[in-house]
Amino acid sequence: MKQLTVISGKGGTGKTTLTSAFAALAENATIADCDVDAANMHLLLQPEIIKTYDFTALPTANIHLEQCTGCGICVDNCRFGAIKEGFEIDPYICEGCGVCEYVCPADAVTMEYNKCGEAYESKTRFGPLVHAKLGIGEEAGGKLVTLVREIAEEVGPKNNCDTIIIDGPPGTGCSVIAALTGVDIALVVTEPTVAGIHDLKRVMEVTEHFEIPSLVCINKSDINDNKRREIEKFCTQKGIKIAGEIPYDTTPTEAMVEGKTIVEYTDNSFAKCVIEVWEEVKEEMQS
Amino acid sequence: MQTTPAVDMITTETPNMKITVASGKGGTGKTTVAVNFFLSVPKTSLLDCDVEEPNSNLFLHNDLKKVKEVTIPVPVIDEQKCEHCGKCADFCNYNALAALPQKVMVFSDLCHGCGGCSLVCPNDAISETGRSIGNIERSLSGQFHTGLLNIGEAMASPLIKELKTYAGENTVIMDAPPGTACPMITTVEDTDYCILVTEPTPFGLNDLKLAAEVVREMKIPAGVVINRAGVGDGGVEEYCHQTGLPIIMEIPYDRRIAEAYSEGIPFVETMPQWKENFLQMFETIKEAVR
């Protein structure tokens, strides 16, 4: 089973546009939407959910005021400042460590596990999709990404898939690391803008750190010629192959409004560029 | 000393607010809004809280000076004192400690720095040392601060929390990370107003709903900026009308704006008439906070 992760560093460079097109083009792939706190793949693939998995990560402290003597030892020991006035826990700040429960001399604190998200195994017109929804304001995005990938690794072989295509989150932190760990190849989608280049360089440091071979795709490639050349030069210096370039165009937005992937929506030059990128990525994955 | 009434007006009229610029979806224009807003409204400061990929300074071109290396406390085991009882590993909810028969292993990358292991250790064998997670940098004027997370580092939130202590006295604008997970929550927490930047597309709408739900739950007043207005469909506008979420600005889909952006030029510099719109938006926000 080969695994490909599509990442970008910067958000909005076209990860999901590309990944959804790959879903349509690939013959035997399971898709994993690992952008768990802003998942969009389902909007294009319209999945039919087969199985729902509850996701529970870290507990949250609960102070039972009827037992609380107001000594304040918990407040002194909480490193996160999660205990507010009146000994109320701020669930958004609490990281579930359990120190308050441990230090409370009155046994007034319990640690409670609540469901903080769901993962789904689904069927789509292109094959299996594994996706998720992180609860509002929940932590542990990285752990939910790991759960999505674990489900995909089970679902893939069951459906005779030989590839898992992972739509990654933006950034370089917890969720990105979870989406990249142990994959065979990363496709980094960038754009020729100062921010695109800056973020490309940072996220490429992450792929290097985890020793993951990478390819680059330049989206909106005609928005700035100098910046495009700068990306090409950077990739040449690093010995990174450019899988393809895609023009600045409203085609993805139009396709999105129709709820379709690019390659279903049109066979124009934009779609042809996307197909070329897929062919390159496929070849690279097989080599 | 006598102050003129005009000065009084300004001081009473400009409450020092904390305003976050957030979005569910990445790449909708958070940094564009934050930077142009900051450049349009006098006496404001800017914090770039997107510490995984901070981009604000690519448009501000400040010389930055490191002001702090941010660390989180992680355990160090004194093997002389440790009796391998395993209480520390049992306590740790982050799996940052593993007790083997002859040794306790520390996985610092997973540690949140809660200090629980040193509290539970019966032999006083655990002390703490700082592990670097990133840096805070500032401009010479001190009006701009940014966080920069170390490469390969998962813990963004403690860095953001520390960065927020540099907010200063003025009204502060905070450029948030994308998404709705902990780094975004940490940024938005304890702020007075949240600007939600979106684009009028199905992806934009889906992620706007998630972000709007977060700020609603956190009871933070919010307004929407629609970027690239004119593309896509009417879903975002419809949602805003239905839920009573005010649309406080629309930035049109304009190749010139995209080109200025690509060069690192804030568009209020090439189209200075836009400063007025940002000032207007600031007034709207002041009204909402009051």
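Residues numbered from 1 in each chain as written. Chains lettered and ligands numbered in written order. Predicted model: local features only at pLDDT ≥ 70, side-chain atom pairs only at ≥ 80, totals over all residues. Heavy atoms only, no water.

- The name recorded for chain A in an unreviewed UniProt entry is MinD superfamily P-loop ATPase, from Methanohalophilus euhalobius.

Section: the overall build of chain B
Move 1: Of regular secondary structure, chain B possesses twelve helices and eleven strands.
Move 2: Across its three principal axes, chain B shows a C-alpha extent of roughly 70 × 55 × 35 Å.
Move 3: Across the 290 residues that make up chain B, the buried fraction comes to 56%.
Move 4: A separation threshold of at least 6 residues defines the contact pool for chain B, and within that pool the share at least 24 residues apart is 73%.
Move 5: Surface summary for chain B: the accessible area is close to 12,300 Å², and the carbon and sulfur share equals 50%.
Move 6: Within chain B, one finds 23 positive and 38 negative side-chain charges whose respective centroids are separated by 2 Å. (Helix = DSSP H or I, 4+ residues; strand = E, 2+ residues; numbered from the N terminus. Buried < 20%, exposed > 50% of the residue type's maximum accessible area, 1.4 Å probe, protein only. Contact = heavy atoms within 4.5 Å. Areas by Shrake-Rupley, 256 points an atom, 1.4 Å probe, with all protein chains shown as cover. Lys, Arg positive; Asp, Glu negative; His and termini not counted. Charge placed at Lys NZ, Arg CZ, Asp CG, Glu CD.)

Structural notes on the environment of glycine 116 of chain B
Move 1: Tracing the chain through its elements places glycine 116 of chain B in helix H5 (residues 116-120).
Move 2: Considering only alpha carbons, one finds glycine 116 of chain B and arginine 138 of chain B, 22 residues apart in sequence, at a separation of 33 Å.
Move 3: Every residue in contact with glycine 116 of chain B, bar those within four places of it in the chain, is listed here: Val99 of chain A together with Phe91 of chain B.

Considering the packing of aromatic side chains
Residue and element names in this part refer to chain A.
Move 1: Applying the stated criterion across every chain, the model contains eight aromatic pairs over all chains.
Move 2: With centroids separated by 4.9 Å and ring planes inclined at 40°, the aromatic side chains of phenylalanine 22 and tryptophan 278 adopt a geometry described as tilted. Separated by 256 residues along the polypeptide, phenylalanine 22 in helix H1 (residues 15-25) and tryptophan 278 in helix H11 (residues 269-286) bring together distant segments of the chain. Like phenylalanine 22, the residue tryptophan 278 is buried in the burial classification. (Phe/Tyr/Trp six-rings, centres within 6.5 Å; stacked < 30°, edge-to-face > 60°.)

Thoughts on the domain arrangement of chain A
Move 1: When the domains of chain A are assigned, the result is domain 1 (2-56 + 120-286) and domain 2 (60-112).
Move 2: Taken over C-alpha atoms, the centre of domain 1 of chain A sits 41 Å from the centre of domain 2 of chain A. (Domains from an automatic or database assignment.)

With respect to the sheet that holds strand E13 (residues 241-245) of chain A
In a beta sheet, neighbouring strands are held together by backbone hydrogen bonds and run either parallel or antiparallel to one another.
All names here are of chain A.
Move 1: Read across the open sheet, the nine strands follow the order E3-E8-E9-E2-E10-E1-E11-E12-E13; overall the sheet is mixed. Each edge of the open sheet is held by one strand with a lone partner, namely strand E3 (48-55) and E13. Taken over all neighbouring pairs, the strand axes of this sheet differ in orientation by 20° on average, direction set aside.
Move 2: Helix H8 (residues 225-238) rests against strand E11 (185-190), strand E12 (214-218) and E13 of the sheet, and its axis sits at about 170° to E12. (Pairing = 2+ DSSP bridges. Axes fitted to C-alpha atoms, helices over the stretch in contact; angles between N-to-C directions.)

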